[in-house]
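# Inside the fold
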Amino acid sequence: MSNWLEKHLPKIVLGPSFLAIILFVYGFIAWTAWISFTRSRLMPKYDIDGFIQYQRLFDSPRWEVAIDNLFIFGFLFILISMILGLVIAIFLDQKIRIEGALRTIYLYPMALSLIVTGTAWKWILNPGLGLESVIKGWGFKDFTFDWVINPDFAIYTVVIAGVWQASGFVMALFLAGLRSVDQEIVKAAQVDGVPTFRIYTAIIIPSMAPIFLSAFIVLAHLAIKSFDLVIALTGGGPGYATDLPATYMYTMAFSRGDIGQAASSAIIMMIVVFAVVVPYLYSELRNKNDQ
Amino acid sequence: MFNKITVAALATTLTLSTSISYAGPKAEVLHWWTSGGEAKSVAVLQKEFSENGGSWTDMPVAGGGGDAAMTALRARVLSGNAPAAVQLKGPSIQEWYEEGALADISDVAKKNNWSSVLPASIAGHMKCEGKWCAAPVNVHRIDWIWANASVLKSNGFGMPKTWDEFNATAKALQAKGIIPLAHGGQAWQDATVFEAVALGIGGANFFHDAFVKLDKKALQSNTMVKVFDQMRTMRGFVDKNFSGRDWNLATAMVMNGEAAFQIMGDWAKGEFLAAGKVPGKDFLCASTPGEGFLYNVDSFAMFKVKGSDRQDGQKLLAKLIVGKNFQKVFNLNKGSIPARTDVALNEFDQCAHVSAADMNASSVGGTLLPSYAHGMALRGAQAGAITDTVTAHFNSNMSSKDAVAMLVKAIDNSK
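So, here's what we can say about the structure. These numbers come from a predicted model, not from an experiment.

### Let's talk about the overall build of chain B
A tally of regular secondary structure across chain B gives 19 helices and 13 strands. Its C-alpha radius of gyration of 22 Å places chain B within 12% of the 22 Å reference for a compact globule of 415 residues. With respect to the principal axes defined by its C-alpha atoms, chain B has extents near 75 × 45 × 35 Å. The burial tally for chain B puts 56% of its 415 residues in the buried class. For chain B, restricting intrachain contacts to residue pairs at least 6 apart in sequence, the fraction spanning at least 24 positions comes to 76%. Computed over 40 positive and 37 negative side-chain charges, the separation of the two mean positions in chain B equals 1 Å.

Below you can see the structure in the form of structure tokens.
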């Protein structure tokens with residue numbers, strides 16, 4: 001009896017959560033995929049009707065804007081957060097005084113919810129209330145900074161707020177990475193008279209490749225599922241200039257009674273996430289098998 | 001909180017007193033009237049319902065302008081346990097009827113003679129294939145233009161009668177440093193202005209063809225190009241910080257003289273009145289230039305319920321909603337006008353009188369039209385497609401011709 005229990009205990013303990021995940025994650029992914037092939041409107045219908053929802057989706061100018069925004073936002077957000085995070089981490093790594101305090105200051109935005117970040121930046125960027133009016137008040141009458149109300153530039157304000165929020169977190173990741181580099185190699189290079197800049201570009205940064213990958217994965221999924229930041233900062237506006245796939249899906253499902261559209265956009269979002277995550281998982285699993 | 005406690009207390013006393021056999025009529029009501037004036041208005045109905053021996057279960061779901069309530073409703077209907085009455089309006093009543101979820105309350109309507117006291121086009125929304133399935137609560141007018149009286153007077157302007165006059169007035173005011181049009185850059189507000197302009201420039205027939213029938217000829221017509229041209233002109237009359245501004249903040253700009261006009265439904269009147277402003281003296285109300293009347297009618301749709309106590313409650317509720325007393329008290333609180341045309345209006349203000357007179361006149365003249373921007377004329381996906389185009393045009397440099405092409409394509413795609 002006790003032998004049997006010992007043998008099966010892990011399965012028994014893991015069973016309920018495994019079943020719950022199968023049903024509530026993968027089950028509902030399958031349900032959403034099914035709905036995306038139907039003509040569901042207000043309520044779900046289950047008669048398969050081909051790719052009609054996907055045709056409608058890719059004919060919709062609003063979805064086009066949402067997808068373009070995802071790539072602009074995702075690319076800039078990940079790139080700038082990584083560069084900024086790395087630069088701050090390297091500066092903090094110079095054995096400076098009050099490093100602990102500085103690290104906390106840079107990391108602090110991560111403690112805020114994205115709703116708070118979005119609302120604060122909405123006010124900062126509002127031309128009549130924030131930055132523009134302050135600088136005009138200092139006497140620079142021609143200064144304009146109205147990106148948040150300009151449909152061509154509004155998406156970049158989302159990038160600004162997102163970078164402000166995430167770069168501190170990336171810095172913490174990189175700082176941990178910098179500290180884990182073998183100091184013996186660095187010292188050997190210093191003895192050989194290699195300049196500091198070369199030590200970073202040729203030794204330290206290349207040895208941090210796994211950290212880059214982790215940072216990329218974390219930032220990429222943050223970018224793809226980004227929703228609250230846009231809602232708080234611009235509400236998707238001006239017009240729908242800052243719509244992202246997640247806000248598009250929400251509008252279709254909950255405001256417009258168009259569940260089929262919402263399901264098909266959700267499936268496309270999932271495919272984009274898979275495109276990022278699957279290669280990562282694949283390389284991780286392959287490495288393990290090799291060892 | 002206080003409300004909840006009173007309701008709970010009322011409900012318990014009622015169930016205690018009548019729990020011997022038949023539990024008495026009862027009704028569960030799903031709505032999203034939770035803010036100050038609105039909550040007060042619902043409390044009126046609750047009180048009247050319990051005075052008539054009913055027990056009311058309140059189910060307020062706030063958030064997202066009814067989005068959250070609709071999500072709750074979907075879950076309730078899917079689980080086969082729908083509330084008796086749900087705050088629904090316009091074509092979404094028909095959508096729920098097509099899902100087979102609505103009850104037939106024709107006997108109540110016949111007994112209380114609804115068809116002769118309600119304007120025909122509003123009654124049309126309350127019927128599902130000829131049978132009554134919903135009860136109207138109020139009529140909001142959308143095509144209002146509100147103005148600061150002293151700003152207009154001190155600059156020697158009156159309320160504009162045509163759009164050209166509006167443009168001229170606006171330009172003159174702008175030159176004097178006054179913001180001509182207080183507006184909030186949210187999609188639904190853009191749509192509100194757009195439909196007032198469309199009605200004014202195109203007239204009632206054009207509006208009906210374009211936004212009720214979605215007739216391609218009307219949608220592609222030169223009139224539609226002119227409507228978008230006027231929207232482009234209006235874009236020049238709003239201030240720089242309009243993006244994302246809430247409608248009540250725009251109303252406040254008119255109130256304190258920062259801006260001259262606002263185009264908004266008559267809930268804006270509630271803001272003026274709440275600030276102690278007097279219609280005709282501090283602020284002016286008029287219909288937007290052009291003929292016609294765009295209505296937004298709030299109503300309660302009656303869902304299929306089981307059990308005679310629930311069905312009786314539903315019928316009692318329907319009778320009270322269209323009753324004279326509730327129609328008067330509710331609308332005094334909410335700023336709208338009664339849906340029935342035979343309610344005495346002597347307690348209502350000047351703007352409500354204008355609204356009621358215009359509603360009766362346009363009902364006779366056939367220019368009483370459903371608002372598209374507020375979900376009365378079209379289903380969600382199609383109204384949304386139009387709004388997408390309107391807001392994209394208003395917030396960019398898109399030409400009117402491109403906007404018309406985009407509009408036609410978006411509507412095709414939403415079907």
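### Comments concerning helix α3 (residues 67–78) of chain B
All names here are of chain B. Taking 1.5 Å per residue, 12 residues should reach 16 Å; α3 reaches 17 Å between its end C-alpha atoms and fits that length. Considered for burial, the residues of α3 that qualify are Asp 67, Ala 69, Met 70, Leu 73, Arg 74, Arg 76 and Val 77. After α3 finishes, the residue Gly 80 shows a positive phi value of roughly 75°.

### Observations concerning the environment of B:Gly100
Along the chain, B:Gly100 turns up in the loop between α4 (91–98) and α5 (106–111). Along the primary structure B:Gly100 and B:Leu369 are separated by 269 residues, whereas in three dimensions their C-alpha atoms are 27 Å apart.

### Remarks on the environment of B:Cys128
Residues and elements named next belong to chain B. Take Cys 128: it is sitting in strand β4 (residues 127–128). A residue is classified by how much of its surface remains accessible, and Cys 128, at 1% relative accessible area, is buried. In this structure the C-alpha to C-alpha distance between Cys 128 and Ile 93, which are 35 residues apart in sequence, comes to 8.0 Å. Sequence-distant contacts of Cys 128, defined by excluding residues within four places in its chain, comprise Ile 93, Gln 94, Tyr 97, Leu 102 and Cys 133.

### Observations concerning the pattern of salt bridges
Applying the stated criterion to the full structure yields 25 salt bridges over all chains. Notably, a salt bridge pairs B:Glu51 with B:Lys47, separated by 3.8 Å at the nearest N-O pair. Taken together, the residues B:Glu51 and B:Lys47, both in helix α2 (residues 36–51) and four residues apart, mark about one turn of the helix. Residue B:Glu51 is classed as exposed on the basis of its relative accessible area of 56%. Residue B:Lys47 is classed as exposed on the basis of its relative accessible area of 54%. In this structure, B:Arg245 and B:Asp239 form a salt bridge, with 2.7 Å as the shortest nitrogen-oxygen distance. You'll find B:Arg245 and B:Asp239 in the same group, each marked buried. Overlapping salt bridges, with partners in common, bring together A:Arg62, A:Asp243, A:Arg256 and B:Asp388 in one network.

### Digging into the interface of chain A and chain B
Tallying the contact residues gives 30 residues for chain A and 25 residues for chain B. Buried area between chain A and chain B, summed over both chains or domains, comes out near 2,500 Å², and the portion from carbon and sulfur atoms is 51%. Considering only the side of chain A, the residues that lose the most area to chain B are A:Leu42, A:Met43 and A:Arg256, jointly responsible for 28% of the buried surface there. Across the chain A-chain B interface, the total number found is three salt bridges. One salt bridge connects B:Asp388 with A:Arg256, and the closest N-O pair in it is separated by 3.1 Å. Joining chain A to chain B, the criterion identifies seven residue pairs in polar contact (both at pLDDT 80 or more).

### With respect to unusual backbone geometry
Residue and element names in this part refer to chain B. Backbone geometry at Asn 113 places phi at a positive 60°, although glycine is not the residue there. Mapping Asn 113 onto the fold places it in the loop between α5 and α6 (114–117). What makes Asn 113 partly exposed here is its relative accessible area of 42%. We note that Leu 214 has phi near 55°; this positive angle belongs to a residue other than glycine. Locating Leu 214 in the fold gives a position in the loop between α10 (187–211) and α11 (216–220).

### As for a nonpolar patch on the surface
Taken together, the side chains of A:Phe18, A:Ile21, A:Ile22, A:Leu23, A:Phe24, A:Val25, A:Tyr26, A:Phe28, A:Trp31, A:Trp34, A:Tyr46 and A:Ile48 present a nonpolar region at the surface, about 1,300 Å² in accessible area. Residue position: A:Phe18 is located in helix α1 (residues 2–35).

### Some remarks on the state of the cysteines
All names here are of chain B. Overall, the coordinates contain two disulfides over all chains when judged by the stated rule. Linked covalently through their sulfurs, Cys 285 and Cys 351 form a disulfide whose S-S length is 2.2 Å. On the S-S bond that ties Cys 285 to Cys 351, the torsion sits near -105°, and the link is left-handed. With a gap of 66 residues between them, Cys 285 in strand β10 (residues 283–287) and Cys 351 in helix α17 (residues 350–365) connect regions that are remote in the sequence. As far as the burial class goes, Cys 285 and Cys 351 line up, both buried. Numbered in order of appearance, the disulfide-bonded cysteines of chain B are paired 1-2, 3-4.

Rules used in this analysis
- Numbers given to residues run from 1 along each chain, matching the order in which its sequence is written.
- Following the order in which they are written, the chains are lettered starting with A and the ligands numbered starting with 1.
- Residues qualify for local features only when their pLDDT is at least 70, as the model is predicted, and side-chain atom pairs are given and counted only at 80 or more; totals for whole chains, interfaces and linings, by contrast, use all residues.
- Processing note: side-chain calculations cover all non-hydrogen atoms of the structure and skip hydrogens and water entirely.
- Helix and strand definitions here come from DSSP, where helices need a minimum of 4 consecutive H or I residues and strands a minimum of 2 consecutive E residues; each element is numbered from the N-terminal end.
- Throughout, radius of gyration means the C-alpha value; the globule benchmark is 2.2 Å times the number of residues raised to the power 0.38.
- To sort residues, take the accessible area from a 1.4 Å probe on protein chains only and compare it with the maximum for the residue type: under 20% means buried, over 50% means exposed, and anything in between is partly exposed.
- Residue contacts are defined here by distance: any two heavy atoms, one from each residue, within 4.5 Å place the two residues in contact.
- The charged-residue count follows a simple rule in which Lys and Arg add positive charge and Asp and Glu add negative charge, with His and chain termini not counted at all.
- Where a charge lies is defined by one atom per residue type, namely NZ (Lys), CZ (Arg), CG (Asp) and CD (Glu).
- In this analysis, the expected span of each helix is defined as 1.5 Å times one less than the number of residues it contains.
- Between Lys or Arg on one side and Asp or Glu on the other, a salt bridge is scored when a side-chain nitrogen of the former is within 4 Å of a carboxyl oxygen of the latter.
- Accessible-area loss on putting two parts together, using a 1.4 Å probe and summing over both, is the definition of buried area adopted here.
- In protein, a polar contact means a hydrogen-donor-capable atom and an acceptor-capable atom, both N or O and within 3.5 Å, with residues adjacent in sequence counting only if both atoms are side-chain atoms; elsewhere, any N or O pair within 3.5 Å suffices.
- Note on patches: the residues involved have over 30% relative accessible area and no salt bridge, like charges join within 9 Å, and the nonpolar side chains Val, Leu, Ile, Met, Phe, Trp and Tyr join within 5 Å.
- Throughout, the Shrake-Rupley method with a 1.4 Å probe supplies accessible areas, and for residues the shown protein chains are the sole cover considered.
- The definition used for a disulfide is geometric: two cysteine sulfur atoms within 2.5 Å.

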